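# Coordinate inspection notes
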Amino acid sequence: MSVYELIDRISKIQSEGKPLIRLDIGQPDLPVPPAVKRATQRAIDENKTEYTHSKGIPPLRERVAEAYDVPEDHVIITAGGKFPIFAAFEQMEGNATLIRPCWGAYTLMLKKLGKLYATIDTTFEEGFRPDFSAIPRETTMAVINYPNNPTGVGLPHDQYKELADRAADDEFTVLSDEVYTHMSFTKASSITEFDCDYICIGSFSKTFSMTGYRLGYAVARPELVKKIQEFQQLTTTSPSEFAQYAALTAMNIIEETSDYISDFYRKRRDEAVSLLRDAGFDVLPSDGTFYLFPRFNGNADEFAMAVLDEGVSVLPGSPFGPYEDHFRISLVTDQMAEAVEKMEKVKDTLE
């Protein structure tokens, strides 16, 4: 079974109007903050619906630069957070290294571009903590994502430093996907705090539920920003203008929004972890995000299809690496108790 087949089945169930508890999707179930909605409407009313500079509007670049304590020419605003990752891969010379489990799009992008990559697999028993000493010498770009999709695990400050020191010594770039940083349940570090060559990826999608705005950014040295800019010029031209002006307001409320959503999904995490453990699943509490990556004694591909027949959608672990006994759930529902009850029923028939 492929993920595409699973998604097709989910779409078919929804089109038929059948009840479905969706735990497969990375879409926050909180609304866009009212202040951002108002800023969006105001920008449209002011006809901010034109092309912008291919690096984004200066006020937003300046605001992001201020947040990361870097010069403005280290920032580019992009059409979503996925775009600068693809652009970075497209420009990469040499080999990448992925820390798994990881978002499946990394692998798909690298394969699409014909790029070589190695993998470092982490385990449940190790708390999904990476061993950066295993990064191959030929690596030119190490890809990390913390808090992590799919596990929700964070990376401690000392491990960021370990990676940064290794990157500086061996002269490779760290691509740090930090789109869930403001959904961390403890203080999260950033690769931008350390002295190494990096590309830091951010997004407005998860923190502010602005997934449909398609707005992200990258923070890197000017030479790397220029390469992403050139790719953006050739493809999307520029991000949406009104979305960028809405994002200016979002940046002004980022701390209070981060506090609110972190508290909201921490409570969801606590409930889900308790329910899953009571149902016989192994699960590590997440350090952030709205994801959990439970494990059970069975095949998660079969589990995902069987639990879908019960009206619950989850993602099997295989798209994230060699994790056939894991599955990912998103904590984006208030029906978790009902969902876990159905999952337990399916688990007992498969184990």
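Quick notes on the rules
Residues numbered from 1 in each chain as written. Predicted model: local features only at pLDDT ≥ 70, side-chain atom pairs only at ≥ 80, totals over all residues. Heavy atoms only, no water. Helix = DSSP H or I, 4+ residues; strand = E, 2+ residues; numbered from the N terminus. Rg over C-alpha atoms; globule rule 2.2 N^0.38 Å. Buried < 20%, exposed > 50% of the residue type's maximum accessible area, 1.4 Å probe, protein only. Contact = heavy atoms within 4.5 Å. Areas by Shrake-Rupley, 256 points an atom, 1.4 Å probe, with all protein chains shown as cover. Lys, Arg positive; Asp, Glu negative; His and termini not counted. Charge placed at Lys NZ, Arg CZ, Asp CG, Glu CD. Patch = residues over 30% accessible without salt bridge, like charges linked within 9 Å, V, L, I, M, F, W, Y side chains within 5 Å. Salt bridge = Lys/Arg side-chain N within 4 Å of Asp/Glu carboxyl O. Axes fitted to C-alpha atoms, helices over the stretch in contact; angles between N-to-C directions. Parallel < 35°, antiparallel > 145°, perpendicular 65-115°, else oblique. Left-handed = near helix turned anticlockwise from the far one by under 90°. Nonpolar A, V, L, I, M, F, W, Y, C, P; charged D, E, K, R; others polar. 1 Å grid on protein atoms, 1.4 Å probe; cavity = no way out; pocket = protein on both sides within 12 Å on 5 of 7 lines; lining within 4 Å. Points joined across faces, edges and corners; volume = space filled by probe spheres on them. Expected span 1.5 Å × (residues − 1). Arc of directions from axis to C-beta.

What follows deals with the overall build of the protein. From N to C terminus, the protein includes 11 helices and 12 strands. Computed over C-alpha atoms, the radius of gyration of the protein comes to 20 Å, within 12% of the 20 Å expected from 2.2 N^0.38 for 351 residues, which places it in the range of a compact globule. Overall, the C-alpha framework of the protein stretches about 55 × 55 × 35 Å when taken along its three principal axes. Counting all 351 residues of the protein, 56% fall into the buried class. Of the contacts made within the protein by residues no fewer than 6 positions apart, 74% connect residues no fewer than 24 positions apart. When the accessible surface of the protein is summed, it comes to about 15,000 Å², and 48% of that surface belongs to carbon and sulfur atoms. For the protein, the separation between the mean place of its 36 positive charges and that of its 55 negative charges on side chains is 4 Å.

On to the environment of Phe86, then. Tracing the backbone through its elements, the reader meets Phe86 in helix H4 (residues 82–91). Residue classification places Phe86 among the partly exposed positions, given a relative accessible area of 25%. Among all residues touching Phe86, those that are not within four sequence positions of it are Met109, Leu113 and Phe231.

A word on a negative patch on the surface. Taken together, the side chains of Glu126, Asp131, Asp158 and Glu162 define an acidic patch exposed on the protein surface. Among the structural elements, Asp158 can be located in helix H6 (residues 157–170).

Helix H11 (residues 336–350) packs onto helix H10 (residues 300–309) with a crossing angle of 130° between their chain directions and a minimal axis gap of 10 Å. The angle between H10 and H11 places the two elements in the oblique class. Crossing hand, H10 versus H11: right-handed. On H11, the residues touching Glu302, Phe303, Ala306 and Val307 of H10 are Lys342, Met343, Val346, Lys347 and Leu350. A class-by-class count of the residues in the contact of H10 with H11 yields six nonpolar, no polar and three charged.

Our focus in this paragraph is the environment of Ser15. The residue Ser15 is located in helix H1 (residues 3–15) in this model. Sequence spacing of Ser15 and Pro222 is 207 residues, and the spatial spacing of their C-alpha atoms is 46 Å.

Here the focus is empty space enclosed by the protein. Applying the stated criterion across every chain, the model contains three cavities of 30 Å³ or more. Taken together, the residues of the lining of the largest cavity break down into seven nonpolar, five polar and one charged. Estimates place the volume of the second largest cavity at around 70 Å³.

Now for the layout of surface pockets. Empty space within the largest pocket amounts to approximately 1,100 Å³. If you go around the largest pocket, you meet 40 residues; those closest to its centre are Lys82, Trp103, Gly104, Ala105 and Arg328. When contributions to the lining of the largest pocket are tallied by element, the ones reaching two or more residues are H1, H4, helix H5 (104–112) and strand S4 (116–121). The biggest single contributor to the lining of the largest pocket is H5, with six residues. For the lining of the largest pocket, the residue count by class is 17 nonpolar, 14 polar and nine charged. The space that makes up the second largest pocket amounts to roughly 580 Å³. Thr181, His182, Lys187, Ala188 and Glu255 are the residues nearest the centre of the second largest pocket, which is lined by 22 residues in total.

Now for the packing of H4 against helix H7 (residues 222–234). Where H4 contacts H7, the axes come no closer than 9 Å and their chain directions differ by 110°. Classified by the angle their axes make, H4 and H7 are roughly perpendicular. Two secondary-structure elements touch here, H4 through Phe83, Pro84, Phe86, Ala87, Glu90 and Gln91 and H7 through Lys227, Ile228, Phe231 and Gln232. Classifying every residue of the contact of H4 with H7 gives six nonpolar, two polar and two charged.

Once that is clear, we can look at H5. Among the residues making up H5, those that are buried are Gly104, Ala105, Tyr106, Thr107, Met109 and Leu110. In this structure, the buried side of H5 is in contact with H4, strand S3 (95–100), S4, strand S5 (139–145) and strand S6 (173–177). One or two positions beyond H5, positive phi appears at Gly114, with a value near 70°.

Let us look at H11. The end-to-end C-alpha distance of H11 is 21 Å, a good match for the 21 Å that 15 residues give at a rise of 1.5 Å each. For H11, the set of buried residues is Met336, Ala339, Val340, Met343, Val346 and Lys347. Projected onto a plane normal to the axis of H11, the buried residues spread over an arc of 125° and lie on a single side. Turned more than 90 degrees off the buried face of H11, the exposed positions are Glu341, Lys345 and Thr349.

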